[in-house]
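Coordinate inspection notes
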Amino acid sequence: SGVRVGPESTAHVTVTPPAYALAGREPDPPIEGLGELTALEHSTITFDLRFVPRPAIATLEFTPQGTADARPARERIPVRVADDGSVKITVPAKASGTFALSAEGARGVKSEFPTQPLYVRKDEAPKLPRVTGLGDKPRQVRPTEKIVVEATATDDVAVTRLVLEWKVDDGPVKELPLSARGLPAPQAEGKAVLSLTDKVKVGQRVSCRLAATDNRDLPEAGLKPQTTYFPDRDQWAEFAVDARADPLAEQDIRGRQAEIDAR
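Residues numbered from 1 in each chain as written. Predicted model: local features only at pLDDT ≥ 70, side-chain atom pairs only at ≥ 80, totals over all residues. Heavy atoms only, no water.

Focus on the packing of aromatic side chains
Going through the model one piece at a time under the given rule, you end up with 3 aromatic pairs. Ring geometry for Phe47 and Phe99: centres 5.1 Å apart, planes at 75°, overall edge-to-face. A residue pair is termed long-range when its members are at least 10 positions apart, and Phe47 in strand 5 (residues 44-52) and Phe99 in strand 9 (residues 97-104) qualify at 52 residues. Each member of the pair Phe47 and Phe99 is classed as buried. A ring pair is formed by Phe62 and Phe99, whose centres lie 4.8 Å apart and whose planes are at 45°; its orientation type is tilted. Taken together, the residues Phe62 in strand 6 (residues 57-64) and Phe99 in strand 9 connect sequence positions 37 residues apart. Residue classification places Phe62 among the buried positions, given a relative accessible area of 8%. Relative accessible area serves as the criterion here: at 4%, Phe99 is assigned to the buried category. Grouped by ring-pair contacts, the aromatic residues Phe47, Phe62 and Phe99 constitute a single cluster. (Phe/Tyr/Trp six-rings, centres within 6.5 Å; stacked < 30°, edge-to-face > 60°. Helix = DSSP H or I, 4+ residues; strand = E, 2+ residues; numbered from the N terminus. Buried < 20%, exposed > 50% of the residue type's maximum accessible area, 1.4 Å probe, protein only.)

Following this line, the structure appears as structure tokens:
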């Protein structure tokens, strides 16, 4: 007779993210049955199955997703079937591909189950979809002005830090945290007010940029937290200190009006 996953104990598949991605939240419940799986890279996948009747041999194979230049090597994963027909096996989620489960009964009758696609996604760096107060063109600023920066940062797992980095001329870089609450979180919104009074002199240059950092932390894989900058990593939003500069608020209004006129 053939082998099947019996109704007495439905198949369960559990995807467990790496520890840093699981911190602060409840794990996802097991998935019932055999179907498509999505996992963050470096997660683990646990198959909890029960065969009826108990097979003599069971095999789990994984075929990585191929490329145009290479045919992927199929990986055979040893499976131990308990006396009651149950199987529990945990494998790492290293790459996208397809799982194939098969079992052979005592009389040599082989049963193959529907393939199970696995989609592995990488932990992406944070994004800064909204930033106000900083731009890619140099501006002028009064020595008593306040530079007001607001931003929204998002991440596929969690944002842990959202700060305004600033320096005067080529001096040391300092940090001013944005007033983002509830970190770490998949989305963070915040505001920073940098008062220039007693910090700058006429003729100096103030450089600013935003830095959003996620919670990726997997030393065994050589993966550290990722930081996204606005402007880009090697660029800064620059402000020339000039006592005759118009207030930044007025400059912003004129800039928005120019954009409207251009459209």
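Focus: the side chain of Arg216
With respect to the secondary-structure elements, Arg216 resides in the loop between strand 17 (205-214) and strand 18 (227-230). Among buried Asp, Glu, Lys and Arg side chains, Arg216 stands out as unpaired, with Asp123 the closest opposite charge at 5.3 Å. Polar side-chain contacts of Arg216 include one of 2.8 Å to the backbone oxygen of Lys224. Filtering out sequence-adjacent residues up to four positions away, Arg216 remains in contact with Tyr20, Asp123, Leu223, Lys224, Pro225 and Gln226. (Lys, Arg positive; Asp, Glu negative; His and termini not counted. Salt bridge = Lys/Arg side-chain N within 4 Å of Asp/Glu carboxyl O. Polar contact = N/O pair within 3.5 Å; in protein donor to acceptor, adjacent residues only side chain to side chain. Contact = heavy atoms within 4.5 Å.)

Brief notes about the nonpolar core
Across soluble globular proteins, nonpolar side chains have a tendency to be buried as a group. Among the nonpolar cores identified, the biggest contains 28 residues, and Leu134, Ile147, Leu164, Cys208, Leu210 and Phe239 are the most heavily contacted of them. Within the residue set of this core, elements represented by two or more residues are strand 12 (127-132), strand 14 (146-168), strand 16 (185-195), strand 17 and strand 19 (237-241). Ranked by size, the runner-up nonpolar core spans 25 residues in total, among them Val13, Val15, Ile45 and Val79. (Core = buried A, V, L, I, M, F, W, Y, C linked by side-chain atoms within 4.5 Å.)

A closer look at the side chain of Asp155
Position of Asp155 among the secondary structure elements: in strand 14. The buried charged residue Asp155 lacks any salt bridge, with Lys127 as its nearest oppositely charged partner at 7.0 Å. A polar atom in the side chain of Asp155 sits 2.9 Å from the backbone nitrogen of Val157. A distance of 2.9 Å separates a polar atom in the side chain of Asp155 from the backbone nitrogen of Ala158. In this structure Asp155 touches Asp123, Glu124, Ala125, Pro126, Pro186 and Asp214, once residues within four positions along its chain are discounted.

Section: the pairing of strand 5
Bridge count for strand 2 (residues 12-16) against strand 5 is 5 bridges, and the pairing is antiparallel. Bridged to Thr16 within strand 5 is Thr44. (Pairing = 2+ DSSP bridges.)

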